[in-house]
Amino acid sequence: MNMSIRQIHPVFVGEVSGVDITRPLSPDEVAAIEAGMDRDAVLVFRDQRITDEQQMAFSRNFGALEDARGGNITKPEDKRLQVGMNDVSNLGRDSRPLDRDSRVRLFNLGNMLWHSDSSFRAVPAKYSLLSARVVNPVGGNTEFADMRAAYDSLDAPTKAQIEDLVCEHSLMYSRGSLGMLDYSEEERAMFRPVRQRLVRTHPVTGRKSLYLSSHAGGIVGLPMAEARILLRELNEHATQPKFVYVHTWRPWDLVMWDNRQMMHRVRRYDESQPRDMRRTTVAGDTPTAAQVQTG
Ligand code: OGA
Ligand code: MN
């Protein structure tokens, strides 16, 4: 095995070299990547000319792919990519940038808020893998914030205060904060809030992290305004520059991150030009909190 991982930020993020992820990997390589994820939480692979099929196959080394249903408002017939691929581009089926007032475009602008993928699902995502197929000429960097380092640096009273808190997450909260408040009955049912612990513990390393996300819009047992002030304060703390890595994309970069211990966001870019980014998502295996029984 020729693979090696070099940390490229003071607290997290590894750059991986000596591996071709378009080909089947050896068990040693898979184990080394998992270990790298546990330590660095974000891994950068450069120059990986990968197809959608190869990206899905690489992702399956780390678990089953997440079922994307319930995570967006794009109708199946309007999807540009096959099942198993999350389209994070600004493109429609015709491969042209979406119109300014397209509801799908406006919904996707939510990726510019700090979030953790699928925190709006009862069983939230483990890893996300994002491949840059067409890089936008202006902006469009993706930023990652280390929620373990952010947790570690909280003072003891705050740690004690938040230890057992449970948040409510929904796509209607993240998009609601952008003024998108109109949803059909079907969407409301699909986006029903789920519960997530505010502090979670990594199953392998035992490290604690803040489980924050733009989807979090309430805390069980707290008045909403109080919950949102607390969440806002924690988000400000957690996204200080010292906890953030800024990724400047080159074509054929693939960046993989652990949603259980990171938040991320994309910065604004020139939406008249294409930005073709394709994500695969590895499903998580357990809820972080008991859900409210419905039905
Ligand atoms: C994502 C996401 C950011 C980006 O793929 O989950 O938030 O850079 N993408 O497009
Ligand atoms: Mn995301």
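None of the values given here were measured: they were computed from a predicted structure. (Residues numbered from 1 in each chain as written. Chains lettered and ligands numbered in written order. Predicted model: local features only at pLDDT ≥ 70, side-chain atom pairs only at ≥ 80, totals over all residues. Heavy atoms only, no water.)

**Some words on the packing of aromatic side chains**
Thinking step 1. The final tally for this structure, using the stated rule, is seven aromatic pairs.
Thinking step 2. With a centroid separation of 6.4 Å and 20 degrees between ring planes, the pair formed by F144 and Y245 is classed as stacked. Of this pair, F144 sits in strand 6 (residues 142-146) while Y245 sits in strand 12 (residues 244-247); the two residues are 101 residues apart in sequence, bridging distant segments of the chain. Across the pair, Y245 and F144 agree in class, each one buried.
Thinking step 3. Note on Y183 and F191: the rings are 6.0 Å apart at their centroids and 85 degrees apart in plane angle, and the pair reads as edge-to-face.
Thinking step 4. On the basis of relative accessible area, Y183 is assigned to the buried category, the value being 11%.
Thinking step 5. By relative accessible area, F191 is classed as buried at 2%.
Thinking step 6. Put simply, the rings of F45, F58, F62 and Y127 touch in pairs and so form one group of aromatic residues.
Thinking step 7. Seen from the ring of F107, R175 lies directly overhead, with NZ or CZ sitting 4.5 Å from the centre.
Thinking step 8. The lysine or arginine in question, R200, covers the ring of Y211, its NZ or CZ lying 4.5 Å from the ring centre. (Phe/Tyr/Trp six-rings, centres within 6.5 Å; stacked < 30°, edge-to-face > 60°. Helix = DSSP H or I, 4+ residues; strand = E, 2+ residues; numbered from the N terminus. Buried < 20%, exposed > 50% of the residue type's maximum accessible area, 1.4 Å probe, protein only. Lys NZ or Arg CZ within 6 Å of the ring centre and 35° of its normal.)

**Let's talk about the pattern of salt bridges**
Thinking step 1. Under the defined criterion, the tally for this structure stands at 24 salt bridges.
Thinking step 2. E34 is the partner of K126 in a salt bridge, and the nearest nitrogen-oxygen pair spans 3.5 Å. One end of the pair, K126, is in the loop between helix 3 (103-108) and strand 5 (127-134); the other, E34, is in helix 1 (residues 27-40), and 92 residues separate them in sequence.
Thinking step 3. The residue R278 makes a salt bridge to D276 at a minimum N-O spacing of 3.0 Å. Neither residue differs from the other here; R278 and D276 are each classed as buried.
Thinking step 4. Through salt bridges with shared partners, a single ionic network connects D52, R80, D87, R133, D276 and R278. (Salt bridge = Lys/Arg side-chain N within 4 Å of Asp/Glu carboxyl O.)

**Description of the sheet that holds strand 6**
Thinking step 1. The three strands are arranged 12-6-14 in an open sheet whose pairing can be described as antiparallel. What marks the edges here is a single partner per strand, and that holds for strand 12 and strand 14 (262-266). Pairwise comparison of adjacent strand axes, ignoring direction, gives a mean angle of 20 degrees for this sheet.
Thinking step 2. The pairing of strand 6 with strand 12 spans four bridges and is antiparallel. Residue E143 lies in a different strand from strand 12, and its bridge partner there is V246. (Pairing = 2+ DSSP bridges. Axes fitted to C-alpha atoms, helices over the stretch in contact; angles between N-to-C directions.)

**Section: the sheet that holds strand 4 (residues 86-87)**
Thinking step 1. Pairing is mixed in the open sheet, where seven strands are placed in the order 1-2-3-13-5-15-4. Unpaired on one side and paired on the other, strand 1 (4-7) and strand 4 mark the two borders of the sheet.
Thinking step 2. Sheet topology note: the strand 1/strand 2 (residues 14-17) ladder contains four bridges and is antiparallel. The partner of R6 across the bridge, within strand 2, is E15.
Thinking step 3. Contacts between helix 1 and the sheet are confined to strand 1, strand 2, strand 3 (42-45), strand 5 and strand 13 (254-258), with strand 3 contributing the most and set at about 130 degrees to the helix.
Thinking step 4. Here helix 2 (residues 52-59) sits on the sheet in contact with strand 3, strand 5, strand 13 and strand 15 (276-282), set at roughly 30 degrees to strand 15. (Contact = heavy atoms within 4.5 Å.)

**A word on the site of ligand 1**
Thinking step 1. Taken together, V88, N111, H115, D117, L130, T142, W257, H264, V266, R275 and R279 are the residues near ligand 1.
Thinking step 2. Between ligand 1 and the protein, one listed contact pairs an oxygen atom with a side-chain N or O atom of D117 at 3.0 Å.
Thinking step 3. A distance of 2.6 Å separates an oxygen atom of ligand 1 from a polar atom in the side chain of R279.
Thinking step 4. Contact with the protein chains covers 100% of the free accessible surface of ligand 1, which is 290 Å².
Thinking step 5. For the shell around ligand 1, the per-class residue count stands at four nonpolar, four polar and three charged. (Near = heavy atom within 4 Å. Polar contact = N/O pair within 3.5 Å; in protein donor to acceptor, adjacent residues only side chain to side chain. Areas by Shrake-Rupley, 256 points an atom, 1.4 Å probe, with all protein chains shown as cover. Nonpolar A, V, L, I, M, F, W, Y, C, P; charged D, E, K, R; others polar.)

**Notes on the nonpolar core**
Thinking step 1. Residues I162, L198, L210, L212 and L234 are the most contacted members of the largest nonpolar core, which totals 24 residues.
Thinking step 2. Those elements giving two or more residues to this core turn out to be helix 4 (147-152), strand 11 (216-219) and helix 8 (224-238).
Thinking step 3. The biggest single contributor to this core is helix 8, with five residues.
Thinking step 4. Within the second largest apolar cluster, 18 residues are counted, among which are I33, F45, L129 and V282. (Core = buried A, V, L, I, M, F, W, Y, C linked by side-chain atoms within 4.5 Å.)

**Remarks on the coordination of the manganese ion (ligand 2)**
Thinking step 1. Surrounding the manganese ion (ligand 2) are the protein donor atoms H115 (NE2), D117 (OD) and H264 (NE2), at 2.1 to 2.2 Å.
Thinking step 2. Motif for the manganese ion (ligand 2), donor spacing along one chain: H-x1-D-x146-H. D117 matches H115 in its accessibility class, with the two residues each being buried. (Donors = N, O, S within 2.8 Å, 3.2 Å for Na, K, Ca; no water.)

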